[in-house]
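Coordinates in review
Each chain, letter by letter, is given below.
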Amino acid sequence: MSSFTDPTAAAQEHFEVMATHLPDLAERYQQMSEMLQKKLYHQLTVSILDFVSTPDTTLRTTPEGTSSYLALYDKVVLAVDKKLNQLTLARIASAVAESLLLDAAQDGAAARTVLENLLEKRGRLGPSASLYVESKLALLGLALVERASPTVDGPKHLASTKEMLLKNEKILSEQAAGGGGDDAVVNSAHYECAMVYRKAVGPPEAYYREAVQYLHYTPLDGLKDDEKLALATDLSMAALTGEGVYNFGEVVQHPILACLNGTPNAWLVELMEASAAGDVAAFKSVSERHAAEIAAQPALTGRAQMVQEKITLLAMVGMIFERPSSERTLSFADIARRIEMSEDQVELVIMRALSLGLIRGSMDQVDGTVEVTWVMPRVLDKPQLSALAARFGEWAVKVSQTRDYMTEQAFVA
């Protein structure tokens, strides 16, 4: 007599129970049941991932009153987890864990258990899926720290998260150097965790770097409106106040900034655009018109002097960048007009730009000029690209004229 037990029998029973319990979702449960019966594991994982990624419409409770996502994971996913794509399995587990935090009454213990138990299977998960789960587990812990959950020791978790991020950053770099590890969702999870960690501990320039990386790997249509608004606001604040952040043109041109339009924080778009362009007059205008909003932002008021210095330096850098390389000897008087400061303050501004590596060159205090041999590269907008194209055209004409002249002289000789 055979003692074989079908490991998916309980999973099929669960599908039947849930289809009866939730008539509006019956078709979804029946479809997943058919995929399991036919052993279409790839289609099943895709379907389950899609299902648990929409808690607003598909997260319910079981007849026993427990989370329908957790029941689906325990009774179906874990029954066939060895047959599933391991990274997709990790994403499903993460979505289930995150759904358990939607209930403010939950202390987070059950959510952490889902991911901690999965991490015990590192050997089967592989490097990418393991890294993904580590990132999501740390991110979950950061959310619990912010919530002041008694299940997480805040200082201890922050320390372990920092250690994990450093370790995984090295792994990602090695994978990239070896031509592997290019899965966007893994990188996205890592940088999201790094970004949230830096938002918690600072400094703003570190948050800025991690947030920019996060945007590189994360499609905006995968974020909720409130998440996009928060990210755009935090990123703008970090760009403006972060020490050493002088080239944030890529953020100004990124669609994320447009998420602020039509919101109470729309003034940040104007402030960012004026700063990136080095337009002192526009910066002052925005600051005056939105003085109350700026005063309500401790991040800006606490670093007001740094922000003012940044716009001054960017104004001078912009002035230099606009000039052809053959015309980069600037007078203190011209610089003073551009940065809207007195001429006797220009020397200090130039010295600051030189010390920060924004420009290279030499200054003549007697003649009141600075000769610039190199200027910080910038991310250009369309008007700046058009201007640069025109300069390339002028250069090409000069090269052609020089060639023709040299050719003529060769024949004369």
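This report concerns the structure included in the present document. Fair warning: this is a prediction, and the values are worked out from it, not measured in the lab. (Residues numbered from 1 in each chain as written. Predicted model: local features only at pLDDT ≥ 70, side-chain atom pairs only at ≥ 80, totals over all residues. Heavy atoms only, no water.)

**A few points about the nonpolar core**
Counting 62 residues, the largest nonpolar core has Tyr-208, Leu-231, Phe-248, Met-316 and Ile-335 as the members making the most contacts within it. By residue number, the principal contributor to this core is helix H19 (residues 304-321), which donates 10 residues. By size, the runner-up hydrophobic cluster in this structure holds 51 residues, among which are Phe-51, Tyr-69, Leu-119 and Leu-125. (Core = buried A, V, L, I, M, F, W, Y, C linked by side-chain atoms within 4.5 Å. Buried < 20%, exposed > 50% of the residue type's maximum accessible area, 1.4 Å probe, protein only. Helix = DSSP H or I, 4+ residues; strand = E, 2+ residues; numbered from the N terminus.)

**Details of the pairing of strand S3 (residues 369-375)**
Pairing of strand S1 (residues 329-331) with S3, which is carried by three bridges, proceeds in the antiparallel orientation. By the bridge assignment for S3, Ser-331 is matched with Thr-369. Pairing geometry for strand S2 (residues 359-364) and S3, over six bridges, is antiparallel. Among the inter-strand pairings, Arg-360 is bridged to a residue of S3, identified as Trp-374. The hairpin formed by S2 and S3 contains four residues between the paired strands, and Gly-368 there has a positive phi angle of roughly 70°. (Pairing = 2+ DSSP bridges.)

**Quick notes on helix H7 (residues 109-119)**
Within the span of H7, buried status applies to Ala-111, Val-114, Leu-115, Leu-118 and Leu-119. Angularly, the buried residues of H7 cover 130° about the axis, an arc narrow enough to put them on a single face. Among the structural elements, helix H5 (68-77), helix H6 (86-100) and helix H8 (122-146) are those in contact with the buried residues of H7. (Arc of directions from axis to C-beta. Contact = heavy atoms within 4.5 Å.)

**A closer look at H8**
Between its terminal C-alpha atoms H8 stretches only 28 Å, short of the 36 Å expected from 25 residues at 1.5 Å a residue. Of all bends in H8, the biggest is about 85°, found at Ser-128. A positive backbone phi angle near 60° is found at Ala-148, which sits one or two residues after H8. (Expected span 1.5 Å × (residues − 1). Bend = angle between axes of the 7 residues up to and from the residue.)

**Describing the packing of H5 against H6**
Relative to each other, H5 and H6 sit at 150°, their axes nearing to 9 Å. Between H5 and H6, the angle falls in the class roughly antiparallel. Judged by residue contacts, Tyr-69, Leu-70, Tyr-73 and Val-77 of H5 engage Leu-89, Ile-92, Ala-93, Val-96, Ser-99 and Leu-100 from H6. (Axes fitted to C-alpha atoms, helices over the stretch in contact; angles between N-to-C directions. Parallel < 35°, antiparallel > 145°, perpendicular 65-115°, else oblique.)

**Quick word on the pattern of salt bridges**
Tallying each qualifying case throughout the model produces 18 salt bridges. Residue Glu-134 is joined to Arg-122 by a salt bridge in which the shortest nitrogen-to-oxygen separation is 2.7 Å. Given the relative accessible area of 39%, Arg-122 is considered partly exposed. Taking the shortest distance from any N to any O, the salt bridge between Lys-199 and Asp-234 comes out at 2.8 Å. (Salt bridge = Lys/Arg side-chain N within 4 Å of Asp/Glu carboxyl O.)

**Here's the deal with the packing of aromatic side chains**
Under the definition given, this model contains four aromatic pairs. Ring centres of Phe-51 and Tyr-69 lie 6.1 Å apart, and the angle between their planes is 55°; this geometry places the pair in the tilted category. Of this pair, Phe-51 sits in helix H3 (residues 41-52) while Tyr-69 sits in helix H5; the two residues are 18 residues apart in sequence, bridging distant segments of the chain. With respect to class, Phe-51 is no different from Tyr-69; both count as buried. Aromatic pair Tyr-191 and Tyr-217: ring centres 5.9 Å apart, planes at 5°, arrangement stacked. A residue pair is termed long-range when its members are at least 10 positions apart, and Tyr-191 in helix H10 (residues 184-201) and Tyr-217 in helix H11 (residues 204-217) qualify at 26 residues. Judged by its relative accessible area of 30%, Tyr-217 falls in the partly exposed class. A network of ring pairs unites the aromatic residues Phe-15, Tyr-29, Phe-51 and Tyr-69 as a single cluster. Residue placement shows Lys-310 over the ring face of Tyr-246; its charged tip is 5.6 Å from the ring centre. (Phe/Tyr/Trp six-rings, centres within 6.5 Å; stacked < 30°, edge-to-face > 60°. Lys NZ or Arg CZ within 6 Å of the ring centre and 35° of its normal.)

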